[in-house]
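# Observations on the three-dimensional arrangement
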Amino acid sequence: MSENRPHLLIVDDEKSIREPLAAYLARNGFRTTQAENARDARDKIGAYAIDLVILDIMMPGEDGLSLCRQIRATGDLPIILVTARTEDTDRIVGLEMGADDYVPKPFNPRELVARIRAVLRRAGAGEARQRGPETATYAFGDWLLRAGERTLVDRGGVAVPLSTREYSLLLALVTRPRQVLTRDQLLDLTQGREAAAFDRSIDNQVSRLRRKIEADPKDPSLIKTVWGGGYTLMADVRRL
């Protein structure tokens, strides 16, 4: 059973707010991931295919406005700011930094859901978000992954055919070298809203990919299994 649910990131330092909100949003057709601060949020944005960020402004350490500015400087991920502060200045500054909407606390969760859906419609007419096309070439081990051409070539320049999902999986790994990615993260990064709950197809894709790029697929040196965690690319990667 596939899913077609937008993936939302809730960024708020208060667990008592994050968890009930996540539960409410889940009941209204959304997938959610939670982050307790700006650093955690950046990690989650890098590790998942997030469709929209619900971002609290008032957080200890780096505040939401700073994170909003950084997210907007690196892409067009939709952002809804949420804060207990209702001064016009905060709202205006947030919108000027590129936030798509602004909701003051306390808010009616039904109103927030309506605003989320409206922002997602504006961002992509209800379709899954697509990141900008990758055009770089990544060198790792004895391989080159040419993202612009979606091809994998060995040291001798011989192309190795990859299925669409194998390519997406390898791209997710080479752009996050030495980072442990769980099966859920890899499903989200490679299949987005089409990822099926409890899908173990990632294991099969990793096995097929290993047969193509590993000298010994039974004793892999590039794509390593992290027991209880997921998979990681144990190689230095150069972006050419």
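This one's a predicted model, so the numbers in the text were calculated from it and none came from an experiment.

### Side note on the overall build of the protein chain
When you go through the protein chain residue by residue, the secondary structure sums to 8 helices and 12 strands. Counting across all 240 residues of the protein chain, residues that qualify as buried make up 45%. A total accessible area of about 12,600 Å² is found for the protein chain, and carbon and sulfur atoms account for 49% of it.

### Description of the packing of helix 1 (residues 15-27) against helix 5 (residues 109-124)
Packing of helix 1 against helix 5 brings their axes to within 11 Å, and their N-to-C directions diverge by 60°. Looking at the two axes, helix 1 sits oblique to helix 5. As helix 1 runs across helix 5, the sense of the crossing is right-handed. Contact with helix 1, carried on its side by L21, Y24 and L25, involves P109, R110, L112, V113 and I116 of helix 5 and no other residues of that element. The residue makeup of the contact of helix 1 with helix 5, split by class, is 7 nonpolar, no polar and 1 charged.

### A few points about the sheet that holds strand 2 (residues 31-35)
The strand order across the open sheet built from 5 strands is 2-1-3-4-5, with neighbouring strands paired in parallel fashion. In this open sheet, the two strands that pair with only one neighbour each are strand 2 and strand 5 (101-104). Averaged over all pairs of adjacent strands, the angle between their axes in this sheet comes to 20°, without regard to strand direction.

### Thoughts on the pairing of strand 7 (residues 143-146)
Along strand 7, the buried face is formed by W143 and L145; none of L144 and R146, which line the opposite face, is buried. Sheet topology note: the strand 6 (residues 137-140)/strand 7 ladder contains 4 bridges and is antiparallel. Paired with F140 across the strands is W143, a residue of strand 7. The turn linking strand 6 back onto strand 7 is made up of 2 residues, and G141 within it adopts a positive phi angle of 55°. Here 4 bridges tie strand 7 to strand 8 (residues 151-154), and the two strands are oriented antiparallel to one another. Counted as the bridge partner of L145 is L152 from strand 8. Remark: 4 residues form the turn of the hairpin made by strand 7 and strand 8, two consecutive strands paired antiparallel; R150 in that turn has positive phi of roughly 55°.

### So, the nonpolar core
The nonpolar side chains of soluble globular proteins are, as a tendency, buried together. If you look at the biggest cluster of nonpolar residues, it comprises 29 residues, and the most contacted ones within it are F140, L145, L152 and L170. Mapped onto this core, the elements with two or more residues apiece are strand 6, strand 7, helix 6 (164-174), helix 7 (183-191), helix 8 (201-213) and strand 11 (230-233). Sorting elements by how many residues they give to this core places helix 6 first, with 7 residues. Residues contacting L145, with those up to four places away along its chain left out, are A136, T137, Y138, F140, T151, L152, L162, Y167, L170, L171 and V174. By size, the runner-up hydrophobic cluster in this structure holds 23 residues, among which are A38, L65, L67 and L81.

### Things to note about the sheet that holds strand 7
Spatially, 9-8-7-6-12 is the arrangement adopted by the 5 strands of the open sheet, whose pairing is antiparallel. Each having just a single partner strand, strand 9 (159-160) and strand 12 (237-239) make up the two edges of the open sheet.

### Considering the side chain of D101
The topology assignment puts D101 in strand 5. Every residue in contact with D101, bar those within four places of it in the chain, is listed here: I79, I80, L81, L95, R115 and V119.

### Considering the confidence of the model for the protein chain
Per-residue pLDDT for the protein chain has a mean of 86; in total, 88% of the residues score no lower than 70. The weakest mean pLDDT in the protein chain belongs to helix 4 (residues 88-96) at 72; the strongest belongs to strand 1 (residues 7-11) at 96. In the model, residues 125-132 has pLDDT below 50 throughout and makes 17 contacts with residues more than four positions away in sequence or in other chains.

### Examining helix 5
A turn of α-helix holds 3.6 residues, and therefore any two residues three or four places apart point the same way. An ideal rise of 1.5 Å per residue puts 22 Å on 16 residues; helix 5 measures up with 22 Å between its terminal C-alpha atoms. Along helix 5, the residues that are buried comprise L112, V113, I116, V119 and L120. Down the axis of helix 5, the buried set is contained in an arc of 130°. They therefore lie on one face. Exposed residues pointing more than 90 degrees away from the buried face of helix 5 are listed as R110, R121 and R122. Among the structural elements, strand 1, helix 1, strand 3 (52-56), strand 4 (79-83) and strand 5 are those in contact with the buried residues of helix 5. Sitting at the head of helix 5, N108 places a side-chain oxygen 2.8 Å from the backbone nitrogen of R110.

Conventions we followed
- Residues numbered from 1 in each chain as written.
- Predicted model: local features only at pLDDT ≥ 70, side-chain atom pairs only at ≥ 80, totals over all residues.
- Heavy atoms only, no water.
- Helix = DSSP H or I, 4+ residues; strand = E, 2+ residues; numbered from the N terminus.
- Buried < 20%, exposed > 50% of the residue type's maximum accessible area, 1.4 Å probe, protein only.
- Areas by Shrake-Rupley, 256 points an atom, 1.4 Å probe, with all protein chains shown as cover.
- Axes fitted to C-alpha atoms, helices over the stretch in contact; angles between N-to-C directions.
- Parallel < 35°, antiparallel > 145°, perpendicular 65-115°, else oblique.
- Left-handed = near helix turned anticlockwise from the far one by under 90°.
- Contact = heavy atoms within 4.5 Å.
- Nonpolar A, V, L, I, M, F, W, Y, C, P; charged D, E, K, R; others polar.
- Pairing = 2+ DSSP bridges.
- Core = buried A, V, L, I, M, F, W, Y, C linked by side-chain atoms within 4.5 Å.
- pLDDT = per-residue confidence, 0-100.
- Expected span 1.5 Å × (residues − 1).
- Arc of directions from axis to C-beta.
- Polar contact = N/O pair within 3.5 Å; in protein donor to acceptor, adjacent residues only side chain to side chain.

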